Amino acid sequence: MGNQQNPLQEDRRFRVSNREALMGVGLALLNFIWWYAFAYGLGGKPVSEYGFILGFPAWFFYSCLLGFVLFSVLVYVMVKFLFVEVPFEDKEGEET
Amino acid sequence: MNWNVILPLIGFLVLVFAIGTYASKHIRNAPDFLQEYFLGSRQLGGFVLALTMVATFGSASSFVGGPGVAYTLGLGWVLLAMTQLVTGYFTLAVLGKKFAIVSRKINAVTLIDFLKERYQSKWVVLLSAFSIVLFLFSAMAAQWVGGGRLIESFTGLSYTASLFIFAISVLVYVVIGGFRAVAITDSIQGIVMLIGTLLLLIGTIIAGGGIENIMTELAAENPKLISPFGADGSLTPAFVSSFWILVGIGVVGLPQVSVRAMSYRDSKAMHRAMIIGTVVVGFIMLGMHLIGVFGRVVIPGVEVGDKVMPLLALEVLPGWLAGVVLAAPMAAVMSTVDSILLLVSSAVIKDVYINYVRPTASERRVKTLSIGITAVIGILVFLMAINPPDLLIWLNLFAFGGLEAAFIWPIVLGLYWKKGNAQGALASMLMGVGSYIVFHTYSPNLFGMHTVVVPVILSLIGYVVFSLLTQHQQRSQQNQIIERFWGE
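Residues numbered from 1 in each chain as written. Chains lettered and ligands numbered in written order. Predicted model: local features only at pLDDT ≥ 70, side-chain atom pairs only at ≥ 80, totals over all residues. Heavy atoms only, no water.

Draft legend 1. Quick peek at the overall build of chain A. Helix and strand content of chain A: two helices and two strands. Ordering the α and β elements of chain A from the N terminus gives α-β-β-α. With 96 residues in all, chain A has 40% of them scored as buried. Considering only residue pairs separated by 6 or more positions, chain A has 63% of its internal contacts joining residues 24 or more positions apart. Element-wise, carbon and sulfur atoms account for 63% of the exposed surface of chain A, whose accessible area totals about 5,800 Å². (Helix = DSSP H or I, 4+ residues; strand = E, 2+ residues; numbered from the N terminus. Buried < 20%, exposed > 50% of the residue type's maximum accessible area, 1.4 Å probe, protein only. Contact = heavy atoms within 4.5 Å. Areas by Shrake-Rupley, 256 points an atom, 1.4 Å probe, with all protein chains shown as cover.)

Draft legend 2. Structural context of helix α19 (residues 453-469) of chain B. The terminal C-alpha atoms of α19 of chain B lie 25 Å apart, and with 17 residues this matches the ideal 24 Å at 1.5 Å per residue to within 8%. Residues of α19 of chain B that are buried include every one of Val-453, Val-454, Pro-455, Val-456, Ser-459, Gly-462, Tyr-463 and Ser-467 of chain B, and no others. (Expected span 1.5 Å × (residues − 1).)

Draft legend 3. Summary view of the side chain of Arg-260 of chain B. Residue and element names in this part refer to chain B. Position of Arg-260 among the secondary structure elements: in the loop between α12 (255-258) and α13 (267-298). Judged by its relative accessible area of 2%, Arg-260 falls in the buried class. The contact partners of Arg-260, leaving out residues within four places of it in the chain, are Leu-49, Thr-52, Met-53, Thr-56, Phe-179, Val-182, Asp-186 and Ser-339.

Draft legend 4. A look at a positive patch on the surface. Taken together, Lys-80 of chain A together with Arg-265, Lys-268 and Arg-272 of chain B make up a surface patch of like positive charges. Relative to the elements of secondary structure, Arg-272 of chain B occurs in helix α13. Under the relative-accessibility criterion, Arg-272 of chain B is labelled partly exposed at 46%. (Patch = residues over 30% accessible without salt bridge, like charges linked within 9 Å, V, L, I, M, F, W, Y side chains within 5 Å. Salt bridge = Lys/Arg side-chain N within 4 Å of Asp/Glu carboxyl O. Lys, Arg positive; Asp, Glu negative; His and termini not counted. Charge placed at Lys NZ, Arg CZ, Asp CG, Glu CD.)

Draft legend 5. Structural view of the packing of aromatic side chains. Taken as a whole, this structure holds 26 aromatic pairs over all chains when the rule is applied. Consider the rings of Trp-35 of chain A and Tyr-40 of chain A, whose centres lie 6.4 Å apart with planes at 80 degrees: the pair is edge-to-face. The class of Trp-35 of chain A is buried, set by a relative accessible area of 2%. Judged by relative accessible area, Tyr-40 of chain A falls into the buried class, the value being 11%. An aromatic cluster of at least three residues, connected via ring pairs, comprises Phe-32, Trp-35, Tyr-36 and Tyr-40 of chain A together with Phe-229 and Trp-244 of chain B. (Phe/Tyr/Trp six-rings, centres within 6.5 Å; stacked < 30°, edge-to-face > 60°.)

Draft legend 6. Geometry of the side chain of Ser-227 of chain B. Tracing the chain through its elements places Ser-227 of chain B in the loop between α10 (211-221) and α11 (237-248). For Ser-227 of chain B, a relative accessible area of 3% puts it in the buried group. Among the polar contacts listed, one links the side chain of Ser-227 of chain B to the backbone nitrogen of Phe-229 of chain B, at a separation of 3.1 Å. Not counting residues up to four positions away in its chain, the partners in contact with Ser-227 of chain B are Val-47, Tyr-50 and Trp-59 of chain A together with Leu-75 and Gly-76 of chain B. (Polar contact = N/O pair within 3.5 Å; in protein donor to acceptor, adjacent residues only side chain to side chain.)

Draft legend 7. Summary view of the interface of chain B and chain A. Each partner contributes residues to the interface: chain B has 60 residues there, and chain A has 56 residues. Summing both sides of the interface, chain B and chain A together bury roughly 4,900 Å²; the carbon and sulfur share of this comes to 71%. The partner of Glu-20 of chain A in a salt bridge is Lys-97 of chain B, with the nearest N and O atoms 2.5 Å apart. Here chain B is connected to chain A by ten residue pairs in polar contact (both at pLDDT 80 or more). Only α5 (75-81), α6 (87-105), α10, α11, α13 and α20 (475-486) of chain B provide two or more residues apiece to the side of chain B that touches chain A. Grouping the constituent residues of the side of chain B that touches chain A by class yields 35 nonpolar, twelve polar and 13 charged. (Buried area = accessible area lost by both parts, 1.4 Å probe. Nonpolar A, V, L, I, M, F, W, Y, C, P; charged D, E, K, R; others polar.)

Draft legend 8. Main features of the packing of helix α9 (residues 159-207) of chain B against helix α16 (residues 363-386) of chain B. Residues and elements named next belong to chain B. Orientation of α9 relative to α16, taken along the N-to-C sense of each, is 165 degrees, at an axis distance of 10 Å. When the interaxial angle is binned, α9 and α16 end up roughly antiparallel. Relative to α16, α9 is oriented so that their crossing is right-handed. Across from Tyr-159, Thr-160, Leu-163, Phe-164, Ala-167, Leu-171, Val-174 and Val-175 in α9, the residues of α16 making contact are Ile-371, Thr-374, Ala-375, Gly-378, Ile-379, Phe-382, Ala-385 and Ile-386. Counted by class, the contact of α9 with α16 contains 13 nonpolar, three polar and no charged residues. (Axes fitted to C-alpha atoms, helices over the stretch in contact; angles between N-to-C directions. Parallel < 35°, antiparallel > 145°, perpendicular 65-115°, else oblique. Left-handed = near helix turned anticlockwise from the far one by under 90°.)

Draft legend 9. Summary view of the environment of Val-456 of chain B. All names here are of chain B. Within the secondary structure, Val-456 sits in helix α19. Of the residues examined, Val-456 reaches a relative accessible area of 8% and is grouped as buried. Spatially, the C-alpha atoms of Val-456 and Gly-420 are 16 Å apart, while their sequence positions differ by 36 residues. Residues within four places of Val-456 in sequence aside, it is in contact with Ile-245, Ala-405 and Trp-409.

Draft legend 10. Structural context of the packing of helix α1 (residues 13-43) of chain A against α6 of chain B. Where α1 of chain A meets α6 of chain B, the closest approach of the two axes is 7 Å, and the angle between their N-to-C directions is 160 degrees. As the angle between them shows, α1 of chain A and α6 of chain B are arranged roughly antiparallel. The element α1 of chain A and its partner α6 of chain B pack so that their crossing is left-handed. Across from Arg-13, Phe-14, Val-16, Ser-17, Asn-18, Glu-20, Ala-21, Gly-24, Val-25, Leu-27, Ala-28 and Asn-31 of chain A in α1 of chain A, the residues of α6 of chain B making contact are Tyr-89, Phe-90, Ala-93, Val-94, Lys-97, Lys-98, Ile-101, Val-102 and Lys-105 of chain B. Broken down by class, the residue content of the contact of α1 of chain A with α6 of chain B amounts to twelve nonpolar, four polar and five charged.

Draft legend 11. Region of interest: the nonpolar core. By size, the foremost hydrophobic cluster in this structure holds 206 residues, and its most contacted members are Phe-60 of chain A together with Phe-114, Met-140, Trp-144 and Met-274 of chain B. The biggest single contributor to this core is helix α15 (residues 319-357) of chain B, with 21 residues. Apart from the residues lying within four places of it in its own chain, the contact partners of Met-274 of chain B are Val-75, Met-78, Val-79 and Phe-83 of chain A together with Gly-88, Tyr-89, Leu-92 and Ala-93 of chain B. (Core = buried A, V, L, I, M, F, W, Y, C linked by side-chain atoms within 4.5 Å.)

Right under this line is the structure:
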């Protein structure tokens, strides 16, 4: 900004890392919504009206058990298909 | 004494010593002592990385305190514990490649190395080192108390003797083996935690007559035990949700966790660690806390929460298997303590001594001092833990919150925001830690949330406002920093 020198050549690997950091944030947001909506959506009712799945109250089943499985799978999918491998070492050993 | 229980535990300790000895060979042959001792020469693979993060993070509170609270409050506490699922992937996704690339560019070994180069400010370094030593020391003391109590409860030895055994075990392998020993023992401890959780979970479900039966009995005793609000209705949505900050995303700011994001070998290792870490964290947190809830049906009427886990293991499993399972909390405590110990000593040696006291110290001197200081800090913690303060879980969480408030923005925005500068970082740390201590003392759970939330927001405001206000000062220095960190 307002810099007359030659503009900064940004490390290309950072485009990858910035995008992946945003994906991580997005997944965490999704995770929160899933967790909250089922826990308090279904769990907010009086206990006598609870449904049960595999012995667990439905809110707990969806929020904690299914949520755990679902987000483990989503992490796998995200990392396998969207994350890109980049080398960490500098190509031409920078000055130290 | 119950030898069935003690023998597996002794076996476990012997294994841990063997690893320390193995790792010490690496130290003797390493080209760069500091990189090896404090970072394992950045060679961690995905599996070891995932387990060392899980084991470091999963502490006494997950294995001893946590299940005890779950026993008292019911499923609502499990819901709260599951906020930790996000740490498995979030920390690595956010710090991930960028932290690894940058720390190699600037040759950083510790978190403070990174902050020093990024902000070029003596005060940032000293304040960071001070926060690390203060908060991590108290976290460590809390963990040692947990370790001592655990050994006390299995062996029937006095508390002091138990603490002594614990201290010697940890000190030996950390002091001789450094980070590599810590990472490898952490992985083994992670596996022990995983197996322990699985065995105890199965044992407890069988002893309770199946999940359906357990839920029915819990609901009959107090319907709120199976609601998300806790047996006494104390778990409000705002309070429980605020744990997403404390034990979820805020963990990015914990030095003992973030330093691991410098240590992986390549991006493949990081990818694997994200997957394995998420599954393992989720399973252990879900399993351990469910065990606490289920335990209420199997062994009703336990008064002291911390005893739920050991009593349950002895109740539902054969003796030798209980020994294996009870090694799990030991593993959790040891693996948290070992990395903190190393971090505190790196703050003293690398960040203060080499930076400011004697920059020209010889390799040999640094080596001797690193090992010596690590041992001295260990002994100091031991002395602190002899007369322990109560409420292990809260002391531990106090340290967590304080560190998160101090470091989360200087790390995250330091990596991603070019305008962030030393004034911003200083303001952020002072406001974060200061307000955390004030709120913790005078007004905990402000707005019904965990104390950490408001200080984290304040420190963000501090960082942004002060960075913007002072962005016209030291223009050329800032440009150099940007060039060095972001440049090709």
